[in-house]
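# Inside the fold
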Amino acid sequence: MMAKFDIGGIDEVIHGRLRLGIMAYLADAEVADFTELKTVLEATQGNLSIHLRKLQDAGYVAIEKSFVGLKPLTQARITPDGRAAFGRYLEAMSRLVGG
């Protein structure tokens, strides 16, 4: 008998390819600057900004803006809520694929 097929545990905020990439990267690195994320995820500036804002609005990522000398620096940091949500997402995906 097949186990109940349930996609209800898949967090839509995280599930997008770029947002999943951001969360996976930050779960490991804890914090990353905007340029680093843009490079690693091969994203455009505008696209990355939109997805970071969505994660920020959900409380999963904190955005910190500062300056290094005269150069602006934007950093993204995974929040405790974000880490917990990412853990739940991975568990739900594991159940979905039978892992």
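Within any chain, residue numbers begin from 1 and follow the written order of that chain's sequence. Since the coordinates come from a predicted model, pLDDT governs what is reported: local features require at least 70, and pairs of side-chain atoms require 80 or more to be given and counted, while whole-chain, interface and lining totals use all residues. By convention in this description, side-chain values take in all heavy atoms of the structure and omit both hydrogens and water.

This brings us to the pairing of strand E3 (residues 71-78). At least two bridges found by DSSP between two strands is the condition for calling them paired. A run of H or I in DSSP becomes a helix once it reaches four residues, and a run of E becomes a strand once it reaches two; helices and strands are each numbered from the N terminus. Both strand E1 (residues 31-33) and E3 contribute to a ladder of three bridges, which runs antiparallel. Directly across from valine 31, in E3, lies its bridge partner arginine 77. Bridge count between strand E2 (residues 61-68) and E3: eight bridges; the pairing is antiparallel. Note that in E3 the partner of valine 61 across the bridge is isoleucine 78. Two successive antiparallel strands, E2 and E3, enclose a turn made up of two residues, where glycine 69 displays a positive phi of approximately 65°.

Tracing the backbone through its elements, the reader meets leucine 37 in helix H3 (residues 34-41). Each C-alpha atom, one on leucine 37 and one on glutamine 75, is 9.2 Å from the other, the two residues being 38 residues apart in sequence. Contact criterion: two residues are considered in contact whenever any of their non-hydrogen atoms come within 4.5 Å of each other. With residues near it in sequence (within four places) discarded, leucine 37 still touches Tyr25, Ala32, Glu42, Leu48, Leu52 and Ala76.

Further remarks concern helix H5 (residues 80-96). Helix length check: H5, at 17 residues, gives a terminal C-alpha distance of 24 Å against a target of 24 Å (1.5 Å per residue), a fit within 8%. Residue burial is assigned from relative accessible area. The probe radius is 1.4 Å, only protein chains are included, and a residue is buried under 20% of its type maximum, exposed over 50%, and partly exposed in between. Listed in full, the buried residues belonging to H5 are Gly82, Ala85, Phe86, Tyr89 and Ala92. The arc that holds the buried residues of H5, viewed along the axis, is 125°, so those residues lie on one side. Residues of H5 that are exposed and point more than 90 degrees away from the buried face comprise Pro80 and Arg95. Residues of H5 that are buried make contact with helix H1 (12-15), helix H2 (17-29) and E3. Expected helix span is taken as 1.5 Å per residue step, with the number of steps being one fewer than the number of residues. Directions drawn from the helix axis to the C-beta atoms are what define this arc.

Turning our attention to the side chain of arginine 19. Within the secondary structure, arginine 19 is located in helix H2. One buried charged side chain, arginine 19, makes no salt bridge at all; its nearest oppositely charged neighbour is glutamate 12, positioned 6.0 Å away. Polar contact criterion, stated in full: a pair of N or O atoms within 3.5 Å, where within protein one must be able to donate a hydrogen and the other to accept it, and residues adjacent in sequence count only if both atoms are side-chain atoms. A polar contact is formed between the side chain of arginine 19 and the side chain of histidine 51, at a distance of 2.9 Å. Ignoring sequence-local partners within four residues, the contact set of arginine 19 consists of Glu12, Val13, Ile14, His51, Lys54 and Leu55. Counting rule applied: Lys, Arg positive; Asp, Glu negative; His and chain ends not counted. Definition used for salt bridges: Asp or Glu carboxyl oxygen within 4 Å of a side-chain nitrogen of Lys or Arg.

Honestly, that's just the spatial picture; any functional story needs more than this.
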